[in-house]
Amino acid sequence: QLNSTFYATTCPNVSTIVRNAVQQALQSDARIGASLIRLHFHDCFVDGCDASILLDNSATIQSEKDAAPNTNSTRGFDVVDNIKTAVENSCPGVVSCADILALASESSVSLSGGPSWSVLLGRRDSTTANQGGANTSIPSPVEGLSSITSKFSAVGLNITDLVALSGAHTFGRAQCRTFINRLYNFNGTGNPDPTLNTTYLATLQQTCPQGGSGTTLANLDLTTQDSFDNNYFSNLQTNEGLLQSDQELFSTNGSATISIVNSFSSNQNTFFQTFAQSMINMGNISPLTGSSGEIRADCKKVNGS
Ligand code: HEM
Ligand SMILES: [Ca+2]
Ligand SMILES: [Ca+2]
């Protein structure tokens, strides 16, 4: 029941306001677009796209920010607050934080060279957070393709959505601790992951030495780190996916995901169109609408708290 004209009379310029704020943030932080779209993903997978991820700890809120997939990892909350302030200055009390995450995701992708799409709007903001849900519903990079597929399926997303949305790893960074399992002792074998390109392996071992800092960053896309393009998929074909969950899309024998990777690698337009549709699908995960939830005044807090 979301629609693209939800704010046509109440905040007609909301898309432009968000886009300008994201563009400004990109000028001092080339990574911020990647960080913003990831917030939308981690929001939508936990009780739907309701901005639950943005709530800080309080007497009644156990923040999702402290859940394992998010802690010392998700970023961009300050930029979300800046966007919200800019939107409130033009249209006070009208635009939800959940819709701001959806709009900021589209701006992040299109400003980085990726597709544009018409964002569906009308989500409202939760009055609760679900830290336990964030721990269980957000996929881990090491849990295996079948388990990740189940987590997508649990929110109504199929294998095409999984491959297309994983293509968001065409930009942004990952910490050594999220892929070091592949570099030295994969699954207790005493050897690296055999599906890791040996030249790329050597580079990653230099970036992430054994016993080194787990928080050192590597580019998710070794070829075009800040551009939204289909190189992520050609990287998988050359065994240069960074996370185990990335490479498994192409290297799992017999998996239906392989032909989808090949198709996105050979045709960027196909990837872009499918990605846009899959973002709409993800953005439709159980939104609060009508009189459910609220329009938060401050994305970090439930109103009146
Ligand atoms: C398919 C399952 C997925 C897994 C297992 C996964 C896992 C991860 C991990 C481990 C990181 C690095 C975090 C860190 O080191 O702090 C990451 C980063 C990122 N993820 Fe995913 N992800 C998945 C799907 C998605 C989806 C669906 C999107 C968006 C549509 C997305 C967008 C991103 C972006 C853009 C980054 C970089 C963020 C930054 O640089 O701040 N991921 N992901
Ligand atoms: Ca949520
Ligand atoms: Ca790229």
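Quantities reported herein were computed from a predicted structural model and do not represent experimental measurements.

1. Re the coordination of the calcium ion (ligand 3)
Distances from the calcium ion (ligand 3) to its protein donors, namely T170 (O), T170 (OG1), D221 (OD), T224 (O), T224 (OG1), S227 (O) and D229 (OD), fall within the range 2.4 to 2.6 Å. Positions of the donor residues of the calcium ion (ligand 3) along the chain correspond to the pattern T-x50-D-x2-T-x2-S-x1-D. A relative accessible area of 10% means that D229 is categorised as buried.

2. Structural notes on the site of ligand 1
Taken together, 27 residues lie near ligand 1, and R31, S35, S73, H169 and Q175 sit nearest. Within the side chain of R31, one N or O atom sits 2.7 Å away from an oxygen atom of ligand 1. The separation between an oxygen atom of ligand 1 and a polar main-chain atom of R173 is 2.9 Å. If one sorts the elements of the shell around ligand 1 by residue count, helix α2 (residues 32–44) sits on top with 5 residues.

3. So, the coordination of the calcium ion (ligand 2)
Those donors, D43 (O), D43 (OD), V46 (O), G48 (O), D50 (OD) and S52 (OG), are the protein atoms that reach the calcium ion (ligand 2), and they lie 2.2 to 2.5 Å from it. Relative to the metal, the 6 donor atoms surrounding the calcium ion (ligand 2) lie at angles of 73 to 157°, and the coordination shape comes out irregular. Within one chain, the residues donating to the calcium ion (ligand 2) are spaced in sequence as D-x2-V-x1-G-x1-D-x1-S. For the pair shown, V46 and G48 are each scored as buried.

4. Structural notes on the UniProt feature "binding site: Ca(2+) 1" (unreviewed entry) in the protein chain
UniProt annotation of "binding site: Ca(2+) 1" (unreviewed entry) refers to D43, V46, G48, D50, S52 and E64 when read in the numbering used here. Annotated residues spanning 22 residues; largest pairwise C-alpha distance 13.1 Å, indicating a single compact cluster. With respect to the helices and strands, V46 occurs in the loop between α2 and α3 (77–90). When near neighbours in sequence (up to four residues on either side) are disregarded, V46 contacts S52, E64, N130, G133, A134 and I138. By the element assignment, E64 lies in the loop between α2 and α3. On the basis of relative accessibility, which here comes to 0%, the residue E64 falls in the buried class. Other than its neighbours up to four places away in sequence, E64 contacts H42, V46, S52, I53, N70, A129, N130, Q131 and A134.

The rules behind these values
Residues numbered from 1 in each chain as written. Chains lettered and ligands numbered in written order. Predicted model: local features only at pLDDT ≥ 70, side-chain atom pairs only at ≥ 80, totals over all residues. Heavy atoms only, no water. Donors = N, O, S within 2.8 Å, 3.2 Å for Na, K, Ca; no water. Buried < 20%, exposed > 50% of the residue type's maximum accessible area, 1.4 Å probe, protein only. Near = heavy atom within 4 Å. Polar contact = N/O pair within 3.5 Å; in protein donor to acceptor, adjacent residues only side chain to side chain. Helix = DSSP H or I, 4+ residues; strand = E, 2+ residues; numbered from the N terminus. Tetrahedral: all angles 85-135°; square planar, octahedral: opposite > 155°, others 65-115°. UniProt positions renumbered as here; feature names shortened; annotations may be inferred. Contact = heavy atoms within 4.5 Å.

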